[in-house]
Every structure is written in C-alpha cells, then in structure tokens.
Amino acid sequence: MNRPLVVSTLLVLLATAAGCGSDADESSDSTLTVLGAASLQSTFEEVLGPRFEDSHPGVTIKFSFAGSSDLSAQIDQGAEADVFASADAANMDKIDDQVDNRVDFASNTLQIAVPPDNPASVSAFADLTSPDVNVVVCAPEVPCGAAAVKIEEATGEQIDPVSEEASVTDVLNKVVTGEADAGLVYVTDVQAAGSDVRGVPFDESDEAVNVYPIATLADSANAGLAKDFVDLVTSDEGQQALRDAGFARP
Amino acid sequence: MAGHSYSGVPRWVYAPAAVGALFIVLPLVAMGTRVRWTEFFSLVSSDASVAALLLSLRTSAASTVLCVVLGVPMALVLARTSFPGQDLLRSLALLPLVLPPVVGGIALLYTFGRRGLLGDTMEVLGIQIAFSTMAVVLAQTFVALPFLVLSLEGSLRTAGQRYEEVAATLGATPTTVVRRVTVPLVLPGLVAGTVLSFARALGEFGATLTFAGSLQGVTRTLPLEIYLKRESDADAAVALSLVLVVVAVVVVALTRGTRRTA
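Residues numbered from 1 in each chain as written. Chains lettered and ligands numbered in written order. Predicted model: local features only at pLDDT ≥ 70, side-chain atom pairs only at ≥ 80, totals over all residues. Heavy atoms only, no water.

Novice: Can you break down the overall build of chain B residue by residue, with the values?
Specialist: Each helix and strand in chain B was counted, giving 14 helices and 0 strands. Its helices and strands taken in sequence order, chain B reads α-α-α-α-α-α-α-α-α-α-α-α-α-α from the N to the C terminus. With respect to the three principal axes, the spread of C-alpha positions in chain B is 65 × 65 × 30 Å. When burial is assessed residue by residue, chain B has 40% of its 262 residues classed as buried. For chain B, long-range pairs separated by at least 24 residues make up 75% of all intrachain contacts whose partners lie at least 6 apart in sequence. As displayed, chain B has an accessible area near 14,500 Å², and 70% of this comes from carbon and sulfur atoms. (Helix = DSSP H or I, 4+ residues; strand = E, 2+ residues; numbered from the N terminus. Buried < 20%, exposed > 50% of the residue type's maximum accessible area, 1.4 Å probe, protein only. Contact = heavy atoms within 4.5 Å. Areas by Shrake-Rupley, 256 points an atom, 1.4 Å probe, with all protein chains shown as cover.)

If you want it as structure tokens, here you go:
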C-alpha cells in the first residue's frame, strides 16, 4: 500500500496516544467522582456541581455522563467512582450489591418532540400511528424505547417508526434537523433543546414513568462526601434545580 | 519478495514492532475470550443479526460499485492530467479519510436531508433519502470512496505512461487505451482498492447513525446492531463483533492474495 500514508497514520496515532497520558486528576485535596445519566448533565454540571464545591472548599467534583447502562457496566468492571445517578431502576439493580444509600430522586416521562413548525401537525399520541408521519423512537433495548413500548401496550396504539435509535440524543437530532416529523423523547430533553423543537405533551405518558435512583458506591474512598452529594440532590435546593430542568418528583 | 542476504532492518526495530503487533492482536484475543461459544450460533443467527449482516453485505456491495464507478475516473483525472487547483482537489477528495464519520454524516444530512441543500430538488423528483437504505449506501460511499481513489492513483503513478503512449502512437483512441492498457496494468491496485473500500463500507458506523437512522432490515447495518445490542445483550454484541472481525480478516486475506498474484 501507500507507505507515506501508513507512516503518517501511525505518527498521528502515536501523537494521540502520547497526549492521552497526561490527565492530571490527582489534585492536592479530595476529588469526588460522580457518574450520571446523560440526561442529568446540565443540572449536575451547571447547578449542583458548583454549589457542592462552594459548600465544600477544597473538594473538586468530577462528572462523567453517559448512558446509564454504560455507567452501570463501568462500575461493575471496577471503575473508581463515588456516586452513581441512574436514569432507571434496572441499571441500578444490576449493581445493587455495590451501592449504599440508594434513594429515588427524580422522575421523567416521555413527550413528543416535533420540529418548531410541526410539519405533520402532530397533537396527540394517536397521531404517531399515521403512516404519513415520519416517527423516530428509541429502540426497545434502551430505556426510552422500553418506555415507548410500555405506552404502546397500554394504549393499544402501534407506532410504525422509520427509525429506532440507540439513544435519546439521536432521536432528538433527527427531529431538530427536520428529518423526522416527530420523535418520542423525555420531557427534559425537549426542555434542554430550547427553541429547536416543540414539545407535545400527551396524557398516556403516565403509563411509563422513569424513576431515577442515586446511590453512593460501597467502594468509595470518600464515603462522607459522597453521602453529602446525595443529600444535596435530594434537598429542596437540589429538587428545585431538577424541577427547573423539567424533572418531576420521584 | 526481496532477497534474503540483507533485510535492512536494524535489530532494535523488532521491539516496537512487536509491541505494535501485540497492541492490535491483544484486544481481538481478549474479545475472543469473552465469546460464549456454546451460545455463539444462536446469538448470531437471530432474526435481527441475520437481517443486519445481510443488509451490511448488500449496502457495502452497492456502495463499492458506486466507488468504482466514481472513483476510477477520479483517480484517472488526478493521476493522468494536470490542471490548476489539482492539488487542492486531491486533498478535498481525500477529506472523508481524515474526517470523523459523524462529521461526514452531518454534512450528508445537510446535503441530502429533507431540509438539506438538495432536499427540495429530491422531493420534486419524488426521491426520499431520509431513513432509507439509499441513505446507508450514500454514507458508506462517502467514507469509502477515498480508499479506492488513493490506492488506484498510487498504482497509476507507479505504472507510468510508457505503454499508454505507445498504444496511442499505434492509433488507439483514449478510451481504448484506458480499457486495453491502463486498466489491465493497474488491475491489482484496482482490486486492492475495491476490496479496501468494501471493507471500509462494511465497518461504516458514525455517518450511517447520524444520517440514515437505525431500523431492522432497512438501515440497521451490523455495526449499528452491535452498538444497540451492547445496551441489552453484551454476549450478542461480542458474538456479532467476532463475525465482523472474521469478515474483515477474509477481506484482508483477499487483498493479500490479489497482491501476491500481481
């Protein structure tokens, strides 16, 4: 093959690998590592994280956000962390013997997201069953898709989606770009997307309420601080921040 | 094969070379140890897995054809002509090689999407790209095309123009020269490039996910199926990954085979 290309590719790889090793994360004071479901990112990172650091001088809080199943698997594989906030009970259940102080702190329901001009005039859950409407949902394998299936079963209305995405973000992107006429996402996703999408609430969403549990990890080296963070999330202050982001009470 | 008297490789080179080889092989071995062999065939023969594999093979074959149809003329123009801005054009043509595929997907979305640059035109023509198998083929072609152009252009330059000039002086038309002289001369490079672009299309993930969506039998290719299965059934994800590794190994073996006969 083309030698110069191969060589330059290897050089790029080496340079990238070299750059990875220099993450300075051992600060002089203690660091609290919080693993959170992706939907919690803005609330934790912008509101609760800074407040926690303000009330705990010298403590640095480090967040890692991803899908709850990824985070649960990481903890199971021995990732070092102090707190885990999951977007559903199932992923907390998987590691139930590795956590303490488990408590439900929020809930989230599905909402229909449509482009701002709502090209297919979607106004109710039943509209999603029309073959003329391009509907995107999460695949049944992921929590938001499981919730959609639950609603379908409860209502007897069958959606025939054009795509079943692996994450709620992918569903939202298809709506934001106007590729899809409607998507089923969480209330908090609609709120976070701002003016890019319009949310259409529907009564049947009560059929599938996702409850978010949070817990400290049994192996945490900062058990006291970890408990403090859980307490902040469940305090009035923490609950207000979650309300502001669209979450409901557990 | 080179002569045996002088290998030209200093001894110390072997150490980093071995580390590099291990770096590539070890993760594959590690994955192999996680496969549940007793359930392997039931895992990879589920409806969803078979649908994903067949879709992957079909779309990759289609995009490879597109790559040859578009890539061979591109390589010819880049290797055999010279015009102002050619270097720039060459760099642009190779761009998908270095772009993250997600970026490619976003770019395709804003081109062929319903609200994209060509969206209205396509709607008039009655073509719906969004969420169709065609979208998968476009995404794969976008990322695989540079592989074919790159390897074929290299072969064309190496082969030189001597025989083509002779054929032309003997009265062959440019089309005949390309057909009877150029293509046979660079055939090994063309085959290697074709196999490479097929392999790249087979592994395409980011652009497809962003641009085409994910629906069983329509847009959910094998890499997307693996990504999804990871969420719910890690064993199935590992088993399917192994299938993709085997296909990749076969493809690499094919390329080596064609080069040896060259």
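What follows picks up the thread again.
Novice: How would you sum up the pairing of strand β9 (residues 209-217) of chain A? Please name residues and give values.
Specialist: All names here are of chain A. Taken across its 9 residues, β9 has 7 buried, putting it largely inside the fold. Here 3 bridges tie strand β3 (residues 83-85) to β9, and the two strands are oriented antiparallel to one another. Residue Val83 lies in a different strand from β9, and its bridge partner there is Thr216. Pairing between strand β4 (residues 99-114) and β9: 8 bridges, direction antiparallel. Within the sheet, the bridge partner assigned to Thr109 lies in β9 and is Val209. (Pairing = 2+ DSSP bridges.)

Novice: Before we move on, can you summarise the domain arrangement of chain A with the specific residues and values?
Specialist: All names here are of chain A. Looking at chain A, the domain boundaries give domain 1 (30-107 + 211-244) and domain 2 (108-209). Using C-alpha coordinates to define each centre, domain 1 is positioned 27 Å away from domain 2. Across the boundary between the two partners, domain 1 contributes 7 residues, which contact 6 residues of domain 2. Between domain 1 and domain 2 the total buried area reaches about 530 Å² when both faces are included, carbon and sulfur atoms providing 47% of it. Summed over the shared surface of domain 1 and domain 2, the result is 0 salt bridges. The tally of links from domain 1 across to domain 2 stands at 2 residue pairs in polar contact (both at pLDDT 80 or more). Of the residues that constitute the side of domain 1 that touches domain 2, the class distribution is 2 nonpolar, 3 polar and 2 charged. (Domains from an automatic or database assignment. Buried area = accessible area lost by both parts, 1.4 Å probe. Salt bridge = Lys/Arg side-chain N within 4 Å of Asp/Glu carboxyl O. Polar contact = N/O pair within 3.5 Å; in protein donor to acceptor, adjacent residues only side chain to side chain. Nonpolar A, V, L, I, M, F, W, Y, C, P; charged D, E, K, R; others polar.)

Novice: Could you give an account of the nonpolar core, with specific residues and numbers?
Specialist: For soluble globular proteins, nonpolar side chains are generally found buried alongside one another. Residues and elements named next belong to chain A. Ranked by internal contacts, the top residues of the largest apolar core, which has 36 residues, are Ile112, Leu128 and Leu184. Put simply, the parts of the chain that give this core at least two residues each are β4, β5 (135-138), α5 (143-155), α6 (168-176), β7 (182-186) and α7 (187-193). Look past the residues within four positions of Ile112 in its chain and what remains in contact with it is Val122, Ala124, Phe125, Leu128, Ala182, Gly183, Leu184, Arg198, Gly199, Val200 and Phe202. Val34, Tyr212, Val233 and Ala241 belong to the second largest nonpolar core, which has 28 residues in total. (Core = buried A, V, L, I, M, F, W, Y, C linked by side-chain atoms within 4.5 Å.)

Novice: Help me get a handle on the pattern of salt bridges, residues and values and all.
Specialist: With the rule as written, the count across this model stands at 18 salt bridges over all chains. Residue Asp117 of chain A is joined to Arg115 of chain B by a salt bridge in which the shortest nitrogen-to-oxygen separation is 3.2 Å. You can see Asp117 of chain A sitting in the loop between β4 and β5 and its partner Arg115 of chain B sitting in the loop between α6 (101-112) and α7 (119-124), one on each of two chains. Note on Arg115 of chain B: relative accessible area 43%, which makes it partly exposed. Residue Glu141 of chain A is joined to Lys229 of chain B by a salt bridge in which the shortest nitrogen-to-oxygen separation is 3.7 Å. Separated into two different chains, Glu141 of chain A in the loop between β5 and α5 and Lys229 of chain B in helix α13 (residues 222-232) make up a pair that spans both. Judged by relative accessible area, which is 27%, Glu141 of chain A ranks as partly exposed. Look at the salt bridges and you will find they share partners, linking Asp87, Arg90, Glu153 and Arg157 of chain B into a network.

Novice: Outline helix α2 (residues 41-55) of chain A, listing residues and values.
Specialist: A rise of 1.5 Å per residue sets the reference length of α2 of chain A, with its 15 residues, at 21 Å; its end C-alpha atoms lie 20 Å apart and thus fit the reference within 8%. Among the structural elements, β1 (31-37), β2 (60-66), β3, β9, α8 (223-234) and α9 (236-244) of chain A are those in contact with the buried residues of α2 of chain A. (Expected span 1.5 Å × (residues − 1).)

Novice: I'd love a proper account of a nonpolar patch on the surface, names of residues and values included.
Specialist: Together, Leu22, Phe23, Ile24, Val25, Leu26 and Val29 of chain B give the surface a local cluster of nonpolar side chains, amounting to about 630 Å² of exposed area. Assignment of secondary structure puts Ile24 of chain B in helix α1 (residues 14-34). (Patch = residues over 30% accessible without salt bridge, like charges linked within 9 Å, V, L, I, M, F, W, Y side chains within 5 Å.)

Novice: Just give me the short version of the state of the cysteines, but keep the residues and values in it.
Specialist: Residues and elements named next belong to chain A. Applying the stated criterion across every chain, the model contains 1 disulfide over all chains. Each sulfur of the disulfide joining Cys138 and Cys144 lies 1.9 Å from the other. Negative torsions about the S-S bond denote left-handed disulfides, and the value of about -90 degrees found for Cys138 with Cys144 makes this one left-handed. (Disulfide = S-S within 2.5 Å.)

Novice: So, helix α3 (residues 68-76) of chain A: which residues are in play, and what are the values?
Specialist: For the α-helix, the turn length of 3.6 residues means that residues three or four positions removed from each other point alike. Where α3 of chain A is concerned, the buried positions are Ser68, Ser69, Leu71, Ser72 and Ile75 of chain A. Within α3 of chain A, the buried residues cover an arc of 160 degrees as seen down the axis, which keeps them to one side. Packing partners of the buried residues in α3 of chain A comprise β1, β2, β3, α4 (89-93) and β9 of chain A together with α13 of chain B. (Arc of directions from axis to C-beta.)

Novice: So what about the interface of chain B and chain A? Which residues, and what values?
Specialist: Every contact between the two is made by 26 residues of chain B and, on the other side, 27 residues of chain A. Contact between chain B and chain A buries roughly 2,300 Å² in total, counting both sides, with carbon and sulfur atoms accounting for 50%. It is Arg115, Phe131 and Glu231 of chain B in chain B that bury the most area against chain A; as a group they hold 31% of the surface buried on that side. Across the pair Arg220 of chain B and Glu164 of chain A runs a salt bridge, and its minimum N-O distance is 3.3 Å. Here chain B and chain A share 10 residue pairs in polar contact (both at pLDDT 80 or more) between them. When residues of the side of chain B that touches chain A are traced back to their parent elements, those giving at least two are α6, α8 (133-159), α12 (206-211) and α13 of chain B. Looking at the side of chain B that touches chain A element by element, the count peaks at 6 residues for α13 of chain B. In terms of residue class, the side of chain B that touches chain A is built from 11 nonpolar, 7 polar and 8 charged.

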